[in-house]
Amino acid sequence: MSAWIVILWILAIFVAPIILGQFIARATKMKDDSGRFSTVLVLLAIFLAPFASQLIHGEKLSDAFRLGIDLAGGTNLVYQADTEQAEESGKEVNGQSMDELVRAITRRVNPSGTEEVTVRQVGDDRVEIIIPGADPDYVQAMKKQITNLGSLEFGILASRHDNQHQSLIARAEASGEDVYDGTEKRAQWVPVARTQTADGQSELKDITGGPNDVMREREVDGQTIREFLIVLDPPEQRVDGSFLVNSRPTMDPNSGISIGFTFNAQGGFRFQNLTNRYQPKKDGNTYRLAAILDGKIHSAPNINAVIAQDGIITGDFTNDEVTEMVSVLNSGALELPLIKEPISEYTISPLLGVDVQEKGKMAITVAAVTVLAFMFVYYWVAGLIANMSLIVNVGLILGAMALFDATFTLPGLAGLVLTIGMAVDANVLIFERMREELEKGSSLRLSIHNGFSKAFSTIIDANLTTLITAVILYARGTEQVKGFAALLIIGIIMSMFSALYFGRLMFDLFERMKWLSAKSMLGKSMVATTNWNFVGKQALATIASLALIIGGMAALFSRGSDNLDIDFTGGSMVTFQFQDDPGIDETRQSLQAEFGNDMTVEQLIVPGIVEGEPEQKFFRLRTKNEDTAEVRKLVNKAFETSGHELTKVSMEFGDIATIPAAPEEEAAEGTAARANADLFAGGSQVKLTFSDEVTTTIIEDEFKEAYAGVVGNDNVDGDNLASLFTVTGTEGSGLDAKDSAVKRFSVAELKVRKELPTDQVRQTLVDMQQMMAERPVLDEVNTFSSAVAGEAKMSALMAILLSLAAIIGYVWFRFQKIAYGLAAVIALIHDVLCVLGLVAIASLLSTTPLGPILGLVDFKINLPMIAAFLTIIGYSLNDTIVVFDRIREVKGKNPELTEDIINRSLNQTLSRTLLTSFTTLIVVAILYVLGGEGLHGFAFCLVTGVAIGTYSSIYVASPVLLRLANPKKPTPKETMPVQA
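Criteria and cut-off values
- Residues numbered from 1 in each chain as written.
- Predicted model: local features only at pLDDT ≥ 70, side-chain atom pairs only at ≥ 80, totals over all residues.
- Heavy atoms only, no water.
- Buried < 20%, exposed > 50% of the residue type's maximum accessible area, 1.4 Å probe, protein only.
- Helix = DSSP H or I, 4+ residues; strand = E, 2+ residues; numbered from the N terminus.
- Pairing = 2+ DSSP bridges.
- Phe/Tyr/Trp six-rings, centres within 6.5 Å; stacked < 30°, edge-to-face > 60°.
- Polar contact = N/O pair within 3.5 Å; in protein donor to acceptor, adjacent residues only side chain to side chain.
- Contact = heavy atoms within 4.5 Å.
- Salt bridge = Lys/Arg side-chain N within 4 Å of Asp/Glu carboxyl O.
- Core = buried A, V, L, I, M, F, W, Y, C linked by side-chain atoms within 4.5 Å.
- Disulfide = S-S within 2.5 Å.
- Expected span 1.5 Å × (residues − 1).
- Arc of directions from axis to C-beta.
- Axes fitted to C-alpha atoms, helices over the stretch in contact; angles between N-to-C directions.
- Patch = residues over 30% accessible without salt bridge, like charges linked within 9 Å, V, L, I, M, F, W, Y side chains within 5 Å.
- Areas by Shrake-Rupley, 256 points an atom, 1.4 Å probe, with all protein chains shown as cover.
- Lys, Arg positive; Asp, Glu negative; His and termini not counted.
- Charge placed at Lys NZ, Arg CZ, Asp CG, Glu CD.
- Parallel < 35°, antiparallel > 145°, perpendicular 65-115°, else oblique.
- Left-handed = near helix turned anticlockwise from the far one by under 90°.
- Nonpolar A, V, L, I, M, F, W, Y, C, P; charged D, E, K, R; others polar.
- pLDDT = per-residue confidence, 0-100.

Section: the pairing of strand β15 (residues 289–293)
Side-chain positions along a regular strand alternate between the two faces of the sheet. Across the five residues of β15, five count as buried, placing the element largely inside the fold. Side chains L289, A291 and L293 project from β15 onto one buried face, and the interleaved A290 and I292 project onto a second face that is buried too. As paired elements, strand β5 (residues 152–157) and β15 share five bridges and run antiparallel to each other. Looking at β15, one finds that G155 is bridged to A290. Counting the residues in the hairpin turn of β15 and strand β16 (residues 296–299) gives two residues, including D294, whose phi is positive at 50°.

Structure follows, in C-alpha cells:
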C-alpha cells in the first residue's frame with residue numbers, strides 16, 4: 001500500500017469525521033457538543049472502514065466477513081505424527097503427547113479463539129484440522145503454521161582451537177554421525193537453512209565456515225547440504241524455546257529485519273552462563289553461537305559479550321518468514337513433529353444445506369425487523385432513537401468482527417440478533433426512568449437528564465458483571481468458549497456506547513431541534529402500576545423450581561451419553577466415494593437408516609490436479625459408534641439397496657523380490673540413505689498397481705488389516721508393524737503434487753523388512769487383493785476424539801467457576817454485602833440447571849404426540865448450545881442486577897432488608913422486566929419457529945433460558961437475597977406505599 005493511500009485512509013477515518021462533527025454541531029446550534037458528534041463519527045468510520053474497503057475494490061460487503069464451516073464450508077486436513085523423527089528426539093507418541101500436539105496446533109491456527117477452527121485427535125497418531133473458508137493462499141499459510149515444528153535452540157559451533165572440543169570433533173569426523181556418551185548426545189551435525197531466491201529457487205543461507213569451524217558439505221537429492229558440528233551442553237544447561245516469554249519482529253542495523261526474543265528468568269540465567277563460558281580468548285580466537293530454528297542453522301554470529309534475557313536472531317529473513325516464525329515461536333513448539341504432507345485434504349461443502357441456511361437467515365431478518373418495529377410502536381420517538389442506537393450498535397459489532405477477522409457461524413449471527421434484543425434492555429431502563437420523571441412533572445430536558453443519570457449505574461453494573469465474566473471466559477476458557485466470549489465482550493462495549501453515549505447525544509439533538517415533546521417522546525405505557533406480593537409466593541416458587549430441577553436432572557442422567565452431540569463424545573469416522581453422485585441429502589437419509597441420528601455427514605471435494613480435470617466428490621461419516629469394523633459393515637449395508645454403488649479400487653501385485661544389501665562403497669559413506677537401505681536389506685519388495693489412484697495411507701491401512709487377518713489380531717503390534725514396512729508411490733499425479741499437498745498414486749512400491757517372512761507377505765497381498773476387489777475403498781476408517789478434549793473441558797469449567805467467583809466479588813463490592821453476590825450466583829445456577837433439565841425432558845417428549853406440536857426434537861448438547869447456556873448466564877445476570885440495583889435504591893439507609901422493600905422494588909421494575917423479556921423472547925421464539933435445524937437446539941435453549949431467567953430474577957434471586965440478608969431472625973414487614 002502506497003504512502004498516499006495510507007494518508008487518504010487516515011484523512012477519511014480521522015480528519016473528515018472530526019470536520020463533519022464540528023459542522024453538524026454548528027448547524028444544529030450545539031457547538032459545545034462538537035466533540036461528541038466527532039467521537040461518534042470517528043468510531044463509525046473506524047469500524048465501517050472494512051466495508052468501505054470492500055466497496056472501493058468492487059467486492060461484496062459480505063466478503064468482509066469470514067464465514068464458518070456451517071455457512072461457507074472450508075478445508076479439512078489430516079496430518080500424521082512423524083513417529084520416526086519423534087523417536088530420534090526421544091519422544092513417545094502416546095495420548096499425553098498427542099493432547100499436547102493438539103493444543104499447540106490450536107494455539108497456532110486459532111490464537112484469538114474467534115476463528116472457529118476445529119482441531120482434534122484422530123486415531124492414535126493423527127490430527128484433524130478443519131479450517132473455515134477455502135481460500136488457497138490462507139490454507140497454504142495455515143499448513144505452514146501447522147507443520148512448522150517451532151523449535152528454537154542455541155548451541156556453540158565446535159571449534160578446533162578449544163581443547164575440550166578436540167575429542168568430540170575427532171569422533172564426529174571419523175564416524176560421520178552424531179556423537180553420544182552412552183545415551184546422552186554430546187555433539188550433532190546440524191544443516192544450514194535455505195532461503196528462497198527471487199526466481200523461486202532455494203539456496204543456502206550465507207553461513208560459511210572459518211578455519212576453526214567443523215563443517216562438511218554433501219549432495220542429497222541434487223541439493224548441496226552444508227552442516228556444522230554443534231557442541232551440546234547437558235540437558236539441564238541447554239537453552240531452548242521452552243524459556244521464551246515472547247518473540248517479535250525487529251530491525252538489526254546490519255542484517256535488516258530479524259527476530260527479537262526475551263527469555264524468562266531461568267532461560268536468561270542459562271543463556272548468560274552459556275555466553276559467559278564462551279567469551280573471546282586472549283589470543284583473539286572467538287566462538288560462534290548458532291541460532292537453530294526447526295533443526296536448521298539460521299545464523300551463527302561470533303560471541304563478543306555476555307547475553308542474558310534479550311537477544312536478536314539474524315539470518316537474511318524475509319518479512320513473511322519473520323512473521324510466520326514469530327507466530328510459531330509465540331505459540332510454542334509442537335510436542336511431536338508432523339509429516340509435512342497431509343494424509344488427506346478435502347474442501348468441505350457447507351455443513352448446513354442451502355434450505356437450512358435460508359431458513360436461518362429469514363428467521364434472523366424477521367426477528368430483527370420485529371424488534372425494531374415493536375420499539376417504534378411502543379415508544380414512538382424514543383423508540384426511533386432506540387432503533388438508531390441499535391443500528392449503530394450492530395454496525396459497530398459487525399465492523400469489529402470484520403476488523404478482527406472473526407468467523408461468523410449461523411448461531412453466531414443469531415447471537416448478534418439476540419444482542420439486539422438484549423441491547424433493548426438499556427434503552428428500556430432509560431425510557432422507564434424518563435417516564436417516572438415525566439409523571440412527577442419534570443420538564444422534558446430534566447426528564448431526559450435524570451432518565452440517563454438514574455439508569456446509568458444500573459446499566460454499568462449489569463453490563464460490567466457480564467463483561468467481567470466474558471473477560472475471564474476469554475482468558476481461561478477453551479477456544480470454543482473464547483470465540484463466544486470475544487463476541488460477548490465486543491457486544492457489551494458497543495451496546496453501552498450506543499445506548500449511553502450515542503443515544504444520549506440523539507436525545508439532546510432531538511430535544512434541541514424540538515423534534516420531540518413530552519407527549520410524543522414515550523407514548524403510553526401498556527404495563528399498569530402493580531402492587532403484587534411476589535415474596536409471598538416464595539414457597540410455591542421453591543416447590544416449582546425444585547420439581548423442575550429434580551425432574552430435569554432425572555431425565556438428563558437417564559439419557560446418559562445420548563445427551564451429547566458428537567462434538568463432545570467423539571467416535572468413528574470413515575470417508576467414501578460413489579461411482580455416481582447421489583447428493584448429501586440422499587446419502588444422509590441412507591446412513592440414518594443404519595446409524596440413527598447420532599451421526600453427521602460432510603460432503604468433501606478434491607479439486608482436479610490439472611486445469612480442466614473434474615473435481616471428485618467424497619463423503620465423510622462421523623458416528624458415535626467407536627467400533628470401526630462394525631461401522632465399515634454398516635456403511636456397506638446402508639447403500640446395498642440404495643441404487644448408488646460405492647467406488648471400489650482393485651489391486652494387482654507383481655513378483656516379490658529380495659532386497660539386496662547396500663554396496664560396499666555406499667556403506668562406507670555413513671549416510672542416512674545407507675542406514676535406510678540396510679534397514680530393509682534382506683527383506684521383500686513388490687510392485688503394486690491400482691485401478692484408480694489412492695494415497696499411500698490407504699495402501700498402508702489395507703496392508704495392516706490384511707496382515708492382521710493372516711497372523712491374527714492378537715499377534716499384531718500396530719506400532720511395531722508400521723515400522724516393518726514402507727510404501728512409496730512411483731507413478732501417478734502424486735509425483736507432480738506440491739510438497740504440502742496430498743499425494744495419490746496408481747503404482748507404488750512396497751518394501752518389507754526381513755522380520756516379516758516372505759510367505760506371510762505373499763498371503764497378506766493375496767488377502768488384500770481379494771478384500772479390495774470385494775468391498776469399496778473406505779478411506780480413514782478411524783476413531784476421532786471429542787472436539788473439546790478432556791483437559792479443555794476442565795479448563796472451560798474452571799473458567800466458569802472463576803467467573804462465578806468474580807461475580808460474587810464484584811457484586812459484593814458494589815452492594816457492600818456478600819449476600820447480593822451469592823444470591824445472583826444461586827439464581828444463575830438455578831437457571832442453567834433448569835434449562836439443562838428442560839433440554840433432556842424435551843428430548844424425551846420428542847417421540848410423543850406432544851413433540852411435533854411443540855417442535856421438539858432429540859436435542860443433543862453441542863458447541864452452539866454451550867454458547868446458548870453462556871448467553872443465558874449473561875441474560876439472567878443482567879436481569880438480576882437491575883432488580884438488585886432498584887432494591888438498593890428503595891432500601892436507602894434502612895438497616896434492614898424487608899419483604900416490603902423487595903416487593904416494592906420488583907413492582908417498580910416489573911414494566912422493564914416484562915418489556916425486556918418480551919423483546920428478547922420475540923427474537924428467540926422466531927428463531928425457534930422459523931430458524932430450521934441449524935438454529936433449533938440453540939434457539940430452544942434461549943427460549944427456555946429467557947423465560948427461566950425472567951422468572952428467577954423475581955422468584956429466586958430476590959427471595960434468596962432476603963433470606964441471606966436476614967439469616968437468623970424472622971423477616972420484618974413494613975407497610976410502605978408502593979411506587980409506580
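Resuming the write-up.
Looking at the environment of P895
Positionally, P895 belongs in the loop between α28 (863–891) and α29 (899–930). In this structure the C-alpha to C-alpha distance between P895 and F815, which are 80 residues apart in sequence, comes to 13 Å.

What about the packing of aromatic side chains?
The relative placement of two aromatic rings is captured by the distance of their centres and the angle of their planes. For the structure shown, the criterion picks out 30 aromatic pairs. Here the aromatic rings of Y278 and Y287 are separated by 4.8 Å at their centres, their planes lie at 70°, and the arrangement is edge-to-face. The buried category is assigned to Y278, whose relative accessible area is 8%. Ring geometry for F578 and F639: centres 4.9 Å apart, planes at 80°, overall edge-to-face.

Remarks on the side chain of H161
As for its placement among the helices and strands, H161 is situated in the loop between β5 and α7 (166–175). Separated by 2.8 Å, the side chains of H161 and S159 make a polar contact. At 3.1 Å, the side chain of H161 forms a polar contact with the backbone oxygen of T286. Contacts of H161, omitting those with residues within four sequence positions, involve Q166, N212, K281, N285, T286 and Y287.

Quick word on the pattern of salt bridges
All told, the structure shown has 43 salt bridges when counted by the stated rule. R277 is the salt-bridge partner of D233, the closest N and O atoms lying 2.8 Å from each other. With D233 in the loop between β11 (223–231) and β12 (239–240) and R277 in helix α8 (residues 265–277), this residue pair connects regions lying 44 residues apart in the sequence. Of the residues examined, D233 reaches a relative accessible area of 11% and is grouped as buried.

A few points about the nonpolar core
Formed by 134 residues in total, the largest nonpolar core has its most connected members in Y379, F431, M434, F507, M521, F884 and I887. Apart from residues no more than four positions distant in its own chain, M521 is found in contact with Y379, W380, V381, A382, M434, L438, L444, I448, F507 and L516. One finds I698, V761, M772 and V777 within the second-largest nonpolar core, a separate group that totals 27 residues.

Some points on the state of the cysteines
In a disulfide, the sulfur atoms of two cysteines are held together by a covalent bond. Throughout the structure, instances matching the rule amount to zero disulfides. The thiol of C834 is not disulfide-bonded; the next cysteine sulfur, from C941, is found 13 Å away.

Topic: the environment of G21
Looking at the secondary structure, you find G21 in helix α1 (residues 3–27). Distance from G21 to E100, taken between C-alpha atoms, is 53 Å for residues 79 residues apart in sequence. Residues contacting G21, with those up to four places away along its chain left out, are S34, F37, S38 and L41.

Concerning helix α24 (residues 758–774)
A rise of 1.5 Å per residue sets the reference length of α24, with its 17 residues, at 24 Å; its end C-alpha atoms lie 24 Å apart and thus fit the reference within 8%. Among all positions in α24, only V761, T764, L765, M768, M771 and M772 are buried. Seen end-on, α24 carries its buried residues on one side only, within an arc spanning 130°. In α24, the exposed positions that point more than 90 degrees away from the buried face belong to D759 and E774. The inward-facing, buried residues of α24 contact β23 (651–653), β25 (684–695), α22 (696–711) and β27 (744–752).

Description of the sheet that holds strand β17 (residues 310–313)
The three strands lie next to each other as β13-β14-β17, forming an open sheet whose pairing is antiparallel. Single-partner strands in this sheet number two, and they are β13 (244–252) and β17. Each neighbouring strand pair of the sheet contributes to a mean axis angle of 30°, computed without reference to strand direction. With four bridges connecting them, strand β14 (residues 256–263) and β17 associate as antiparallel partners. By the bridge assignment for β17, G260 is matched with I312. On top of the sheet, helix α9 (residues 319–331) reaches β13 and β14; it is set at about 165° to β13, its chief contact.

Overview of a negative patch on the surface
A contiguous patch of negative charge, built from E84, E87, E88 and E92, is present on the exposed surface. Position of E84 relative to the elements: it lies in helix α4 (residues 83–88).

Describing the pairing of strand β22 (residues 616–623)
Among the eight residues in β22, six count as buried, and that is most of the element. Across five bridges, strand β20 (residues 571–576) lies against β22 in antiparallel orientation. In the sheet register, S572 faces β22, and the bridge partner there is T623. When strand β21 (residues 599–606) meets β22, the two strands line up antiparallel, connected through eight bridges. For V601, the partnering residue across the bridge sits in β22 and is L621.

Brief notes about the packing of helix α26 (residues 818–845) against helix α30 (residues 936–955)
For the pair α26 and α30, interaxial distance at closest approach is 9 Å and the crossing angle is 140°. Judged by the angle between their axes, α26 and α30 are oblique. Considering only the axes of α26 and α30, their crossing is right-handed. Of α30, the residues touching α26 (which contributes A827, H830, D831, C834, V835, L838, V839 and A842) are F940, C941, T944, G945, I948, G949, Y951 and S952. Among the residues forming the contact of α26 with α30, the class breakdown is ten nonpolar, five polar and one charged.

Describing the confidence of the model for the protein
Per-chain confidence: the protein averages 85 in pLDDT, with 92% of residues scoring 70 or above. Confidence drops under pLDDT 50 across residues 665–677; counting only partners more than four residues distant or on other chains, this segment forms nine contacts. Considering only residues more than four positions removed or in separate chains, one finds that residues 971–980, a stretch of pLDDT under 50, has 23 contacts.

Digging into a nonpolar patch on the surface
Taken together, the side chains of W4, V6, I7, L8, I10, L11, F14, V15 and I19 define a hydrophobic patch exposed on the protein surface, amounting to about 870 Å² of accessible area. Structurally, I7 can be placed in helix α1.

Focus: helix α11 (residues 381–403)
For α11, which comprises 23 residues, the first-to-last C-alpha distance of 33 Å matches the rise-based estimate of 33 Å (1.5 Å per residue) to within 8%. The element α11 is extensively covered by neighbouring structure, given that 19 of its 23 residues are classed as buried. Looking one or two residues beyond α11, the residue adopting positive phi is D405, at roughly 55°.

Some details on unusual backbone geometry
Even without being glycine, K514 reaches a positive phi, approximately 60°. Checked against the element boundaries, K514 lands in the loop between α14 (479–512) and α15 (518–522). Relative accessible area serves as the criterion here: at 72%, K514 is assigned to the exposed category. One non-glycine residue, Q816, lies in the positive phi region at around 70°. Counting through the fold element by element, Q816 comes out in the loop between α25 (790–815) and α26.

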